[in-house]
Amino acid sequence: MANRTVMIMVGPDGVGKTTLLATMYHELSLMNNSSGFEFTANEDTRHDLQEAYQKLSRIITQPTFTQTGSLLKGTAGIVERQFEILFKGKKELELAFCDIAGGLIRSKENNPDFDDFKNKLKEALVIINVIDGSALVEGNDELLNSKNDPIQVYDLLRSKLLDEQNVMLLFVITKCEAWLKNESRQKQLEAAFEKRYELILKLIGESENAVGVLIPVKTLGCVEFTHILEKEIIFVRKPNLQFKPENIDQPLRYALAFALLQHHQNRNRWNRFMRWLWNEDIAFQKALIEFAEARSHLFKIYGHSLLIDIDIEIEVTK
Ligand SMILES: Nc1nc2c(ncn2[C@@H]2O[C@H](COP(=O)(O)OP(=O)(O)O)[C@@H](O)[C@H]2O)c(=O)[nH]1
Ligand SMILES: [Mg+2]
């Protein structure tokens, strides 16, 4: 279907995929007031994600923080969260946002869920690899592999990156509150990422159709890494800090700006002509540029960075 865009989150259990989606969804509802675009979730999606967000706010008010395991019960296989993007009240795009059970990325061929997952990956325009930042920086190889499994992620994405379709890869780092405190720690986080994701970054660098963005986020904002005890990573709740997600709108802005641009460029000629006739294109382009301008430029970009340059891309297609 031409007007359906698939986005998919990958990463083992517990990295924070569902938390990310729930906080992003919350941000998204705040974003609606400020652009011509409107994002709506279908009933089930809205219900589940609001429940997840409330649960998160509750967990976080307790004085001692314990990792809860999965935020939403029953993220087995793939859950497709449905959204629609409207522009000036008219539907532009259907968005299927896939949340996966972490175990899935390690399952074997011949598992029907795994086949479904691979098909979704093939179809996806935006892939969000959620990465546990504490294991990334502090973990030894074994812990890194058990929490983030970059090698498995590389194996899964390899054929996708060799494909000729445009694709955006967002590397969203969670649980990295401790490394967002100052510039030198941020550099440390970035260096750890580049070392451990070297293979995949190399592929992105070689591809004409892929762009990667490294986005560290605070989904909780009030919990901080302290140390590693045997194989567990210990976080503490900082009593002086509020539950305050930060940068959470950013992965979504990058993803949506990319999706809307691709969608705009793929309109067929007749559709374009009609839009031109009714002066709809100019308004859309302006809104898209404005929407994209709210992306932060502090993130490191890998690969074909022109793919995210909305101004230039729109100029070319005019
Ligand atoms: N410290 C910290 N904990 C987080 C962050 N994001 C998620 N978590 C915790 O990680 C656990 C697993 O999160 P969940 O979203 O269910 O992971 P999923 O299995 O990848 O969907 C939960 O206890 C979350 O509260 C973060 O940015 N910082
Ligand atoms: Mg989950």
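What comes next is a walk through the structure. Position numbers for residues start from 1 in each chain and track the written sequence from start to end. Each chain is given a letter, starting from A, and each ligand a number, starting from 1, according to the order in which they appear as written. Residue-level local features of this predicted model are given only where pLDDT is at least 70; pairs of side-chain atoms are given and counted only at 80 or more, and the full residue set underlies all totals for whole chains, interfaces and linings. In computing side-chain values, all of the structure's heavy atoms are included and hydrogens and water are not.

1. Here we look at the pairing of strand 1 (residues 4–10)
Among the seven residues in strand 1, six count as buried, and that is most of the element. Two strands pair when backbone bridges link them, and strand 1 and strand 5 (residues 126–132) are joined in this way by four bridges, in the parallel orientation. If you follow methionine 9 over to strand 5, its bridge partner there is isoleucine 128. Exposure classes here rest on a 1.4 Å probe applied to the protein chains alone. A residue is buried below 20% of its type maximum, exposed above 50%, and partly exposed in between. Elements are defined by DSSP. Helices are runs of H or I of four residues or more, strands are runs of E of two residues or more, and each kind is numbered from the N terminus. Note: two strands are recorded as paired if DSSP finds a minimum of 2 bridges between them.

2. Notes on the nonpolar core
Judged by nonpolar contacts, the single largest core of 53 residues is most densely connected at Phe117, Ile127, Leu136, Leu161, Phe171, Phe193 and Ile200. With five residues, the single largest contributor to this core is helix 6 (residues 150–162). Residue contacts follow a heavy-atom distance rule, with two residues in contact if any of their heavy atoms lie within 4.5 Å. Setting aside residues no more than four positions away along its own chain, isoleucine 200 makes contact with Val153, Tyr154, Leu157, Leu161 and Phe171. Only buried Ala, Val, Leu, Ile, Met, Phe, Trp, Tyr and Cys residues count toward a nonpolar core, and they belong to the same one when joined by side-chain atoms within 4.5 Å. Met168, Ala255, Phe258 and Ala292 belong to the second largest nonpolar core, which has 49 residues in total.

3. A few points about the pairing of strand 8 (residues 223–229)
Bridging between strand 8 and strand 9 (residues 232–237) involves six bridges; their strand directions are antiparallel. Within strand 9, the residue paired with histidine 227 across the bridge is isoleucine 234. Between strand 8 and strand 9, which pair antiparallel in sequence order, lie two residues; one of them, glutamate 230, sits at a positive phi of approximately 50°.

4. Let's talk about the sheet that holds strand 10 (residues 300–303)
As summarised here, the arrangement of the eight strands in space is 2-3-4-1-5-6-7-10, forming an open sheet in which the pairing is mixed. Because the sheet does not close on itself, it has two edges, and the strands there are strand 2 (37–41) and strand 10. Put simply, the sheet's adjacent strands are angled 20° from each other on average, direction ignored. As paired strands, strand 1 and strand 4 (residues 90–100) are joined by five bridges and run parallel to one another. Bridged to valine 6 within strand 4 is alanine 96. Here helix 3 (residues 112–123) sits on the sheet and contacts strand 1, strand 3 (78–87), strand 4 and strand 5; the angle it forms with strand 1, its principal contact strand, is near 120°. The axes are straight lines fitted to the C-alpha atoms, using for helices just the contacting stretch, and the angles between their N-to-C directions are given from 0 to 180°.

5. Observations concerning the pattern of salt bridges
By convention in these notes, a salt bridge is any Lys or Arg side-chain nitrogen within 4 Å of a carboxyl oxygen on Asp or Glu. Scanning all chains against the criterion turns up 17 salt bridges. Residue arginine 81 is joined to aspartate 48 by a salt bridge in which the shortest nitrogen-to-oxygen separation is 2.8 Å. One end of the pair, arginine 81, is in strand 3; the other, aspartate 48, is in helix 2 (residues 43–61), and 33 residues separate them in sequence. A single salt-bridge network, built from bridges that share partners, covers Arg4, Glu80, Asp116, Lys120 and Glu123.

6. A few points about the side chain of lysine 160
By the element assignment, lysine 160 lies in helix 6. Despite its burial, lysine 160 pairs with no opposite charge, the nearest such side chain being aspartate 163 at 5.1 Å. Not counting residues up to four positions away in its chain, the partners in contact with lysine 160 are Leu121, Lys122, Glu123, Ala124, Ile127, Gln165 and Val167. Lys and Arg are tallied as positive, Asp and Glu as negative. Neither His nor the chain termini are counted.

7. A short note on the packing of aromatic side chains
The pairing test for Phe, Tyr and Trp rings, Trp by its six-membered ring, is centres within 6.5 Å, and the orientation test on the planes gives stacked under 30 degrees, edge-to-face over 60, and tilted for anything in between. Under the definition given, this model contains 15 aromatic pairs. Judged by centre distance (5.7 Å) and plane angle (90°), the ring pair of phenylalanine 37 and phenylalanine 284 falls under edge-to-face. On the criterion of sequence distance, the pair formed by phenylalanine 37 in strand 2 and phenylalanine 284 in helix 11 (residues 280–293) is long-range, its members being 247 residues apart. Given the relative accessible area of 1%, phenylalanine 37 is considered buried. On the accessibility criterion, phenylalanine 284 (0% relative accessible area) is buried. An angle of 55° between the planes, with centres 5.0 Å apart, marks the rings of phenylalanine 171 and phenylalanine 193 as tilted. Separated by 22 residues along the polypeptide, phenylalanine 171 in strand 6 (residues 167–174) and phenylalanine 193 in helix 7 (residues 183–196) bring together distant segments of the chain. You can call phenylalanine 193 buried: its relative accessible area is 0%. Members of the aromatic cluster, each reached through a chain of ring pairs, are Phe37, Phe39, Phe87, Phe284 and Phe291. The ring of phenylalanine 284 is capped by arginine 267, whose NZ or CZ atom sits 4.8 Å from the centre of that ring. Think of it as a cone above the ring: NZ of Lys or CZ of Arg counts as a charge over the ring if it is within 6 Å of the ring centre and within 35 degrees of the ring normal. The residue whose ring lies beneath arginine 295 is tyrosine 254, and the NZ or CZ to ring-centre distance is 5.1 Å.

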